[in-house]
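Residue-level listing of the chains:
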Amino acid sequence: MTKDKLRVLVRVDLDCATAQVAAQGHVTSQSVHGLYAVMKRANSLTAGMTLELDMTRALIEPDALEELRACSRSHHLPALVDPLQSDYRLSILAPDNAAPLAAMAAQAA
């Protein structure tokens, strides 16, 4: 895997209370924390903001994708990132080649 830098573009529509966070490059379990910071800032722009995390042009490690999916399911970012545990309306567009963590573990066995 290449060690591409993580690049992020944020598009915000305040009228519709939506934001798209588009990531490119390599997303790891370490660099995902940078995405959390961007998502937290976007969510603070207006109450009830819907966030779409577009990972379709990123190379994302299974652990990082599973972390993001857990945030989407719980509607919260990790407590270390957001101690107030604000509510997040988050959807994730994963790349076509992204596999669930369990499937990757089964292939390795």
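None of these values were measured; they are calculated from a predicted model.

**Quick word on the overall build of the protein chain**
The secondary structure content of the protein chain amounts to three helices and four strands. Residue burial in the protein chain is summarised as follows: out of 109 residues, 33% are buried. Long-range pairs, those at least 24 residues apart, make up 64% of the contacts in the protein chain with a sequence separation of at least 6. Counting every atom, the protein chain has about 6,500 Å² of accessible surface; 56% of that belongs to carbon and sulfur.

**Structural notes on the environment of Ser74**
The residue Ser74 is located in helix α2 (residues 62-74) in this model. Considered as a pair, Ser74 and Arg89 are 15 residues apart in the sequence and their alpha carbons are 9.5 Å apart.

**Focus on the confidence of the model for the protein chain**
For the protein chain, the mean per-residue pLDDT works out to 86, and 85% of the residues sit at or above 70. Model confidence for the protein chain, summarised as mean pLDDT per element, is weakest for helix α3 (residues 101-108) at 44 and strongest for α2 at 95. Contacts of residues 101-109 to residues separated by more than four positions or lying in other chains number five contacts, the stretch itself having pLDDT below 50.

**A word on α2**
Given a rise of 1.5 Å per residue, 13 residues ought to cover 18 Å, and the 18 Å separating the end C-alpha atoms of α2 matches this to within 8%. Among all positions of α2, only Pro62, Ala64, Leu65, Leu68, Cys71 and Ser72 are buried.

**Comments concerning the sheet that holds strand β4 (residues 89-93)**
The strand order across the open sheet built from four strands is β1-β2-β3-β4, with neighbouring strands paired in mixed fashion. Here the strands that pair on one side only, and so sit at the sheet edges, are β1 (7-13) and β4. Here the average twist between neighbouring strands, direction ignored, is 15°. Bridging between strand β3 (residues 50-60) and β4 involves five bridges; their strand directions are parallel. Bridge pairing links Thr50 to Arg89 in β4.

**Quick word on the pattern of salt bridges**
Scanning the entire structure with this criterion turns up one salt bridge. A salt bridge links Arg73 to Glu66, with the shortest nitrogen-to-oxygen separation between them at 2.9 Å. Arg73 gets classed as exposed once you look at its relative accessible area, which sits at 54%.

**Focus on unusual backbone geometry**
Positive phi is not limited to glycine here, since Ala17 has a value of about 55°. Note that Ala17 resides in the loop between β1 and β2 (18-27). The class for Ala17 is buried, based on a relative accessible area of 17%. Unusually for a residue other than glycine, His75 sits at a positive phi of about 65°. Among the secondary structure elements, His75 is positioned in the loop between α2 and β4. A relative accessible area of 36% places His75 in the partly exposed class.

Analysis parameters
- Residues numbered from 1 in each chain as written.
- Predicted model: local features only at pLDDT ≥ 70, side-chain atom pairs only at ≥ 80, totals over all residues.
- Heavy atoms only, no water.
- Helix = DSSP H or I, 4+ residues; strand = E, 2+ residues; numbered from the N terminus.
- Buried < 20%, exposed > 50% of the residue type's maximum accessible area, 1.4 Å probe, protein only.
- Contact = heavy atoms within 4.5 Å.
- Areas by Shrake-Rupley, 256 points an atom, 1.4 Å probe, with all protein chains shown as cover.
- pLDDT = per-residue confidence, 0-100.
- Expected span 1.5 Å × (residues − 1).
- Pairing = 2+ DSSP bridges.
- Axes fitted to C-alpha atoms, helices over the stretch in contact; angles between N-to-C directions.
- Salt bridge = Lys/Arg side-chain N within 4 Å of Asp/Glu carboxyl O.

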